Every structure is written in C-alpha cells, then in structure tokens.
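Chains, contacts and geometry: an overview
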Amino acid sequence: MTSQLVCRPEQHLPVGILRVSGVLDAITSDALEHAVGLALSAQPEALLLDVAALEISEPAALDVLGRVVCRTAEWPNVPIVLCGAGPATGRAIAAWPDCSSVSTAQSCAEALAGIKEEPEPQRIRIRLRPVPDACRQVRQLVTQTCTAWHRGEVAGTAALVATELVANVVRHAHTTMEFTLGLRDGRVCLTVRDGSRLLPRPREPGVGDAGGRGLQLIRELTEAWGVLPVPDGKVVWTHLTAGASM
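Residues numbered from 1 in each chain as written. Predicted model: local features only at pLDDT ≥ 70, side-chain atom pairs only at ≥ 80, totals over all residues. Heavy atoms only, no water.

**Re the overall build of the protein**
Threshold: For the purposes of this entry, the term helix denotes a DSSP run of H or I that reaches at least four residues, the term strand denotes a run of E that reaches at least two, and both are numbered from the N terminus. Note on classification: 1.4 Å probe, protein chains only; a residue is buried when its accessible area is under 20% of the maximum for its type, exposed when over 50%, partly exposed between these limits. To measure how exposed things are, a 1.4 Å probe is used in the Shrake-Rupley method; for residues, cover is taken only from the protein chains shown. Charge counting follows a simple rule: Lys and Arg are positive, Asp and Glu are negative, and His as well as the terminal groups are ignored. Think of each charge as sitting on NZ of Lys, CZ of Arg, CG of Asp or CD of Glu.
A tally of regular secondary structure across the protein gives 7 helices and 10 strands. The principal-axis extent of the C-alpha atoms belonging to the protein is close to 60 × 40 × 30 Å. Residue burial in the protein is summarised as follows: out of 246 residues, 46% are buried. Put simply, the protein shows about 12500 Å² of open surface, and 53% of that area lies on carbon and sulfur atoms. Taken together, the 23 basic and 26 acidic charged side chains of the protein have centroids lying 8 Å from each other.

Here it is, written out as structure tokens:
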C-alpha cells in the first residue's frame, strides 16, 4: 500500500501552524520537507508542527523527522515545536545532536501559550520595487536598524550584504521583493523574497568584468547563505553573527 502524508497549513504569521497526518517514511519525507520549508519561508516567530495524527511506524522515520526539522537551525533559526508527539518521539528528539531549537508540547494550544510569554523577536519587513533606488533604501534601513539594535559593529557589513541581495533582484528577477532584517540569538539575518523562480548561481567573474561579484561578496562576508525555492518565486537568505569584525 502506498504511504500517504497530508500537511495542512492553518496559520502562517506571526506563528506558523502546520498539521501533519498520515504515515511518515522514506517515501513521504519529501512532502514533509517541502511543507516545512514553505511554512518557514514566511519567517514566522515559531513553527508549530501538530504531529498528533502522524504515524511513525519505523525507527528510520524518526531519523527522517529529525533531518527535516533540525536543518532549520541554520535558517531561519526559529523555534520548532512538535505538538502531540508521543513519548518515544519525545525521547528521540531529546537525543538529536545540534537540534536545540526543537522542543515538544502536549498540544498546539499549550505551545502558543508558551510562545506568547516569550519576548517578541526583533524583525523588520519592507516591500521594495525593483528599481535602483531600492538599494539605497535598504542600505539606509539596515544601517539605522543595526545601530538602533546596538549592533553597530556589523552595520556596515550587513548594509553591504543587503545592498547586494536587493541589487540581484533589481538586475535579474525584476519583481517586487520583500526584504526582512532580523536579530535572534546574536545572529543578524537578511532575507529577500522575490517573484522569480530563476535561482542565483555563483560565478567567477574575470578581471575585466564589470559585474558578477555580488554572490561572491555575500559568500565572503557572511557565515552562511542559501536559496529556498517557493511556489511564487524564491527566498535568498544569509546571516552573520553580531560582533564579527568587518
């Protein structure tokens, strides 16, 4: 019998809620990974996965679950709560290495109550048109915001990275974009979501080339970066640690 998995998003912001039911195994893992990635692309304050109706029938399925949810520690680095997980799943989660951002709760209602008691993360979102002046706007925004957040030591680097992210949309995607600047756990995160499915590809420009160094610069200045395809385009993300030297 073919395994089936249903992932139903019930809320995107400010806290994402994704209800998962059916059987999780090697066949259905791609569906779960896609649904979780799509929910995280909105960059919620936290993501609640209701797994009360999820059947984990074999030990290997727990490894699949861990692979999907633990990889989010790099981006967007938001808490993930597995709601309604059984005792065996809870013990397995506690044993997962490098997965401190994942926890459990008896229900999503309980998890939501706990999240409301947490301080709201620092985050700014802005929509920009694909025009050259967008680069100036985002550079000014990042510089002023980092200073206001008392992260002036990375303001210059973050502003330069943000400018390159936005410039890439202006040059290649030609769509309206959403820029997000966030600060969580000492990380300054910069994200641009646009409406083009064309994925950026790093290249090595020649000495005489006038352009083509944007992604190379982003790789050199940040700790990590990546691209997440979404149905209406893509999300390009990057982060650097506040306190890093320029």
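**Here's the deal with helix α7 (residues 214–221)**
We apply this condition: It is the directions from the helix axis to the C-beta atoms whose arc is reported. Contact criterion: two residues are considered in contact whenever any of their non-hydrogen atoms come within 4.5 Å of each other.
Listed as buried for α7 are Gly214, Leu215 and Ile218. For α7, the angular spread of buried residues about the axis comes to 95 degrees, placing them on one side. Along its buried surface, α7 packs onto α6 (155–173), β9 (224–230) and β10 (233–241).

**What to know about the packing of aromatic side chains**
What counts, and what does not: In summary, the pairing rule links any two rings of Phe, Tyr or Trp, Trp by its six-membered ring, whose centres are within 6.5 Å, and it sorts them by plane angle into stacked for under 30 degrees, edge-to-face for over 60 and tilted for everything else.
This structure, assessed with the given rule, holds 1 aromatic pair. For the pair tryptophan 75 and tryptophan 237, a centre-to-centre distance of 5.8 Å together with 10 degrees between the ring planes defines the contact as stacked. Taken together, the positions of tryptophan 75 in the loop between α2 (59–70) and β4 (80–83) and tryptophan 237 in strand β10 put the pair 162 residues apart, joining distant regions of the chain. The class of tryptophan 237 is buried, set by a relative accessible area of 8%.

**Digging into unusual backbone geometry**
With an omega of -5 degrees, the peptide bond running from leucine 13 to proline 14 counts as cis. Along the chain, proline 14 turns up in the loop between β1 (5–11) and β2 (15–23). You will see that histidine 174, though not glycine, has its phi angle at about 60 degrees, which is positive. As for its position among the elements, histidine 174 is in the loop between α6 and β7 (177–184).

**With respect to the side chain of threonine 191**
Where we set the bar: Whenever a nitrogen or oxygen atom comes within 3.5 Å of another N or O atom, the pair is scored as a polar contact, on the condition that within protein one atom can donate a hydrogen and the other can accept it, and that pairs from neighbouring residues in sequence are kept only if both atoms are in side chains.
Within the secondary structure, threonine 191 is located in strand β8 (residues 187–194). The class of threonine 191 is buried, set by a relative accessible area of 1%. A distance of 3.3 Å separates a polar atom in the side chain of threonine 191 from a polar atom in the side chain of glutamine 43.

**A word on the pairing of strand β3 (residues 46–55)**
Convention followed: Strand pairing requires that DSSP identify at least two bridges connecting the strands.
The buried fraction of β3 amounts to 7 of the 10 residues, a majority that puts the element mostly inside the structure. Alignment of β2 against β3, held across 8 bridges, turns out to be parallel. Bridge pairing links valine 23 to glutamate 55 in β3. In this sheet, β4 lies alongside β3 in parallel orientation, the contact comprising 4 bridges. Opposite leucine 49, over in β4, you have leucine 82 as the bridge partner.

**A word on the nonpolar core**
For clarity, the cut-off: Residues belong to a common nonpolar core when they are buried Ala, Val, Leu, Ile, Met, Phe, Trp, Tyr or Cys residues joined through side-chain atoms within 4.5 Å.
Val142, Val166, Phe179, Val188 and Leu190 are the most contacted members of the largest nonpolar core, which totals 32 residues. Breaking this core down by element, the ones donating at least two residues are α5 (133–148), α6, β7, β8, α7 and β10. No other element matches the 11 residues that α6 contributes to this core. For valine 166, the residues in contact, after removing those within four places along its chain, are Leu128, Ala134, Cys135, Val138, Met177, Phe179 and Val192. Ala39, Leu54, Val69 and Cys99 belong to the second largest nonpolar core, which has 26 residues in total.

**Observations concerning the packing of α5 against α6**
Angle between the axes and distance between the axes: these two values describe a pair of packed helices. Just so we agree on the cut-off: Lines fitted to the C-alpha atoms define the axes, with helices restricted to the stretch that makes contact. Angles between their N-to-C directions range from 0 to 180 degrees. Working rule for angles: under 35 degrees goes down as roughly parallel, over 145 as roughly antiparallel, 65 to 115 as roughly perpendicular, anything else as oblique. By convention, the crossing between two helices is left-handed when the near helix turns anticlockwise from the far helix through less than a right angle, and right-handed when the turn is clockwise. Classification convention: Asp, Glu, Lys, Arg as charged; Ala, Val, Leu, Ile, Met, Phe, Trp, Tyr, Cys, Pro as nonpolar; all other residues, Gly among them, as polar.
At a minimum axis distance of 8 Å, the contact between α5 and α6 shows a crossing angle of 155 degrees. Relative to α6, α5 is oriented roughly antiparallel. In the packing of α5 onto α6, the handedness of the crossing is right-handed. Residues Ala134, Cys135, Val138, Arg139, Val142, Thr143 and Cys146 of α5 touch α6, and the partners they reach there are Ala155, Ala158, Ala159, Ala162, Thr163, Val166 and Ala167. Residues that form the contact of α5 with α6 fall into these classes: 11 nonpolar, 2 polar and 1 charged.

**Describing the sheet that holds β1**
Taken in spatial order, the 5 strands of this open sheet run β1-β2-β3-β4-β5, and their pairing is mixed. In the strand order of this sheet, the two ends are held by β1 and β5 (102–105), each with one partner. On average, each strand axis in the sheet is tilted by 25 degrees relative to the strand beside it, whichever way the strands run. Summarising the sheet, β4 and β5 pair through 4 bridges and their orientation is parallel.

So yeah, pure geometry; function would need other evidence.
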